[in-house]
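# Results of the structural survey
Chain by chain, the residues:
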Amino acid sequence: MLIKELREIQRKHNGHIPEDELHALAARLGKSKADVYGVASFYPEFRFEAPPKVEVQICTALPCYMKGA
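What counts and how
Going along each chain's sequence as written, the residues are numbered from 1 onward. It should be noted that, the model being predicted, local features are given only for residues of pLDDT at least 70 and side-chain atom pairs only at 80 or more, the latter also being counted only at that level, while totals for whole chains, interfaces and linings use all residues. Excluded from the side-chain calculation are hydrogens and water; included are all heavy atoms of the structure. We call a set of buried Ala, Val, Leu, Ile, Met, Phe, Trp, Tyr and Cys residues a nonpolar core when their side-chain atoms join them within 4.5 Å. Three labels apply to residues, based on accessible area from a 1.4 Å probe with only protein chains included: buried if under 20% of the type maximum, exposed if over 50%, partly exposed otherwise in between. Segments assigned H or I by DSSP are reported as helices when at least four residues long, segments assigned E as strands when at least two residues long, and all are numbered from the N terminus. Along the arc lie the directions from the helix axis toward the C-beta atoms. Exposure above 30% relative accessible area and the absence of a salt bridge qualify a residue for a patch, where like charges join within 9 Å and nonpolar side chains (Val, Leu, Ile, Met, Phe, Trp, Tyr) within 5 Å. Here the Shrake-Rupley method, with its probe set to 1.4 Å, supplies the accessible areas, and only the displayed protein chains count as covering residues. Each reported salt bridge corresponds to a side-chain nitrogen of Lys or Arg within 4 Å of a carboxyl oxygen of Asp or Glu.

## Quick look at the nonpolar core
Counting 10 residues, the largest nonpolar core consists of Leu2, Leu6, Ile9, Ile17, Leu22, Leu25, Ala26, Val36, Ala40 and Phe46. Where this core is concerned, the elements lending two or more residues are α1 (2-12), α2 (19-29) and α3 (33-42).

## Here we look at unusual backbone geometry
One non-glycine residue, Asn14, lies in the positive phi region at around 55 degrees. Relative to the assigned elements, Asn14 resides in the loop between α1 and α2.

## Side note on α2
Listing the buried residues of α2 in full gives Leu22, Leu25 and Ala26. Angularly, the buried residues of α2 cover 100 degrees about the axis, an arc narrow enough to put them on a single face. Turned more than 90 degrees away from the buried face of α2 sit Asp20, Ala27 and Arg28, all of them exposed. At the C-terminal side of α2, Gly30 shows a positive phi close to 70 degrees.

## Looking at a nonpolar patch on the surface
A surface patch of nonpolar side chains, about 380 Å² in accessible area, is lined by Val54, Val56 and Ile58. With respect to the helices and strands, the residue Val56 is situated in the loop between α3 and α4 (62-66). Residue classification places Val56 among the exposed positions, given a relative accessible area of 71%.

## Structural notes on the pattern of salt bridges
Side-chain pairs of opposite charge can arise where the charged atoms are in close proximity. Summed over all chains, the structure comprises three salt bridges. For Glu5, the salt bridge goes to Arg28, with nearest N and O atoms at 3.4 Å. Note that Glu5 is positioned in helix α1 and Arg28 in helix α2, a separation of 23 residues in sequence. A relative accessible area of 24% places Glu5 in the partly exposed class. Two residues, Arg7 and Glu45, come together in a salt bridge whose shortest N-O distance is 3.1 Å. Note that Arg7 is positioned in helix α1 and Glu45 in the loop between α3 and α4, a separation of 38 residues in sequence. Residue class for Glu45 comes out partly exposed when judged on its relative accessible area of 38%.

Okay, here's the thing in structure tokens:
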């Protein structure tokens, strides 16, 4: 149940779990903040900071074009 809730929170917040949501989840489930944080920090799929934005650049110079870019 806890992991399912953590996944849902992370989905709602664009790939990370805000600290206030972590505390609210602990209160809602009647668990300590340390227990909830311990589970969330154990699994590498959970993030506590927003993931960096990705920018893709495509080379359009002649050498890249000749290689199929």
